[in-house]
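# Residue-level structure breakdown
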Amino acid sequence: MDRILIRGGNRLKGRIAISGAKNAALTLLPCALLTEEPLTLRNLPRLADVDSFGHLLNQFGVSTMTEGAHPSDFGRVMTMRGQRLTSTVAPYDIVRKMRASILVLGPLVARAGEATVSLPGGCAIGNRPIDLHLKALEALGAEIELAAGYVKATAPNGRLPGGRVTFPIVSVGATENALMAAVLASGSSVIDNAAREPEIVDLCRCLVAMGARIDGIGTERLEIEGVDRLHGATYAVMPDRIEAGSYACAAAITGGAVELAGIAAEDMRATIDALVEAGVTVEERRNALFVEATGPIGPLTLSTAPFPGFATDMQAQFMAMLTKASGASVLTETIFENRYMHVPELARMGADIQVRGRVAVVRGVDKLVGAPVMATDLRASMSLIIAGLAAEGETSVSRIYHLDRGYERLEEKLQAVGADIQRVGGE
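Residues numbered from 1 in each chain as written. Predicted model: local features only at pLDDT ≥ 70, side-chain atom pairs only at ≥ 80, totals over all residues. Heavy atoms only, no water.

As recorded in an unreviewed UniProt entry, the protein chain goes by the name UDP-N-acetylglucosamine 1-carboxyvinyltransferase, listed as coming from Sphingomonas desiccabilis. Listed in UniProt under the heading Subcellular location (unreviewed entry), the comment for the protein chain reads: "Cytoplasm". According to UniProt, the comment filed for the protein chain under the heading Catalytic activity (unreviewed entry) is "phosphoenolpyruvate + UDP-N-acetyl-alpha-D-glucosamine = UDP-N-acetyl-3-O-(1-carboxyvinyl)-alpha-D-glucosamine + phosphate". (UniProt positions renumbered as here; feature names shortened; annotations may be inferred.)

### What about the sheet that holds strand β19 (residues 328-332)?
Overall, mixed pairing links the four strands, which are arranged β18-β19-β21-β20 in an open sheet. Lying at the two open borders of the sheet, with one neighbouring strand each, are β18 (301-303) and β20 (352-356). For this sheet, the mean angle separating the axes of adjacent strands, direction not counted, is 15 degrees. As judged from the five bridges shared by β20 and strand β21 (residues 359-363), these two strands associate in the antiparallel manner. (Pairing = 2+ DSSP bridges. Helix = DSSP H or I, 4+ residues; strand = E, 2+ residues; numbered from the N terminus. Axes fitted to C-alpha atoms, helices over the stretch in contact; angles between N-to-C directions.)

### With respect to the packing of helix α6 (residues 172-182) against helix α7 (residues 198-209)
Contact geometry for α6 and α7: axes closest at 10 Å, N-to-C directions at 10 degrees. It follows from the interaxial angle that α6 and α7 lie roughly parallel. Between α6, through V172, T175, E176, L179 and M180, and α7, the contact on the second element is made entirely by E199, I200, L203, C204 and L207. Counted by class, the contact of α6 with α7 contains seven nonpolar, one polar and two charged residues. (Parallel < 35°, antiparallel > 145°, perpendicular 65-115°, else oblique. Contact = heavy atoms within 4.5 Å. Nonpolar A, V, L, I, M, F, W, Y, C, P; charged D, E, K, R; others polar.)

### Details of the sheet that holds strand β10 (residues 164-166)
Here four strands make up an open sheet; going across it, the order is β10-β11-β13-β12 and the pairing mixed. Only two strands of the sheet have a single partner each, and these edge strands are β10 and β12 (213-215). Neighbour-to-neighbour, the strand axes of the sheet open up by a mean angle of 15 degrees, direction not taken into account. Across five bridges, the pairing between strand β11 (residues 188-192) and strand β13 (residues 221-225) is antiparallel.

### Some words on the side chain of T40
Within the secondary structure, T40 is located in strand β3 (residues 39-44). For T40, a relative accessible area of 13% corresponds to the buried category. Setting aside residues no more than four positions away along its own chain, T40 makes contact with V77, M78, T79, A233, T234 and Y235. (Buried < 20%, exposed > 50% of the residue type's maximum accessible area, 1.4 Å probe, protein only.)

### Some points on α7
Counted at 1.5 Å a residue, the expected span for α7 with its twelve residues is 16 Å, and the 16 Å between its end C-alpha atoms agrees. For α7, every residue scored as buried is listed here: P198, E199, I200, V201, D202, L203, C204, C206 and L207. In the stretch just after α7, G211 is the one whose phi turns positive, near 110 degrees. (Expected span 1.5 Å × (residues − 1).)

### Looking at the domain arrangement of the protein chain
Accessible area lost during the coming together of the parts is what is often quoted as the interface size. When the domains of the protein chain are assigned, the result is domain 1 (3-19 + 239-424) and domain 2 (22-236). A C-alpha centroid distance of 30 Å is found between domain 1 and domain 2. (Domains from an automatic or database assignment.)

### Quick word on the environment of I386
Position of I386 among the secondary structure elements: in helix α12 (residues 378-390). Each C-alpha atom, one on I386 and one on C249, is 7.2 Å from the other, the two residues being 137 residues apart in sequence. Once residues within four sequence positions are removed from consideration, I386 is found in contact with S246, C249, A250, I253, Q317, A320 and M321.

### Digging into the packing of aromatic side chains
Under the counting rule described, the total for this entry stands at one aromatic pair. Ring geometry for F310 versus F318: centroids 5.1 Å apart, planes at 90 degrees, classification edge-to-face. Since its relative accessible area comes to 7%, F310 is described here as buried. (Phe/Tyr/Trp six-rings, centres within 6.5 Å; stacked < 30°, edge-to-face > 60°.)

And the structure:
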């Protein structure tokens, strides 16, 4: 299997183009199941998860045509058409590869009146049950059965009536599934305590472009008036705020100066605020962010939270950056209970991190040392890359298929700003 080699110590300097958002793309792709007409997504990142989701859509009879498919191209365009759904079963062999597959459940039952979806896989970052997804669909009128590792959802009389969904806790995925189910319901629906992440806003905007009727976009209360049908649309995937934040941390830990091009600063305000608090210079430019570290990184106290709070998907990258801070930082992970699996790997590189339950204390060290390390999940993988960029000597990161799920052309982007990084074959 491939691995990534990094020879640390280079100061990153230059410009990095930010790709379309992985988390948004995986939410927009299942919208193709909601209409007989073509849905075209622009600025689609070249990622393993996007390819897997395309294969999953093919299982249902949705055709997919990709432009910009040359390996040197960024921002692909994919046109999908589900003129006639030939299946409503999402099989285990595809679903097990990524958790986002559960997002076909809502649109399938909304349009076809039934859906059978394998329980999902994805990153092993703790218990992420889908009970909130199922309870939301039940609130919208679906009948739910669980058997042999599959979820079967059925709409009485072939169409969901709609209803009121009140989430006990904020759930991005369950909000997305409920939204896609509600837009084709025969009546009106309300989603209370809805997630407010920018990816949810992006989904709402795409659905509205397809003819959905949604009020309260960007708030914790979404009101949806069901329509008989949705039409096709062309929609651009939002920029990846997590990718942008990851490269900002890489610039900071190397004492670099990097412009992140094609970003939306309002979508990553908590990340920007944390960088500034750590003493990093952040300058907002038109559709870009300039990040420069000219002095020591200061320690932080951070706690992950639903948007607009500090994103759980940025915790590992900030932890890596803070291993070189001038003092002790405290990170609290409130979203997932098993998202510190990168800690032992960072420790192999000389990091001083102590974990007590959901709290990690990171004491900055004078230097990190390159070592063979193993990626355990997507964002943990990036934390090892960030640490490797600042470490003395060579770092070898294995199991990089995690990275390929969420970072488009990572080595090429980092090489362009001065990193000594390459992908090699073999373990």
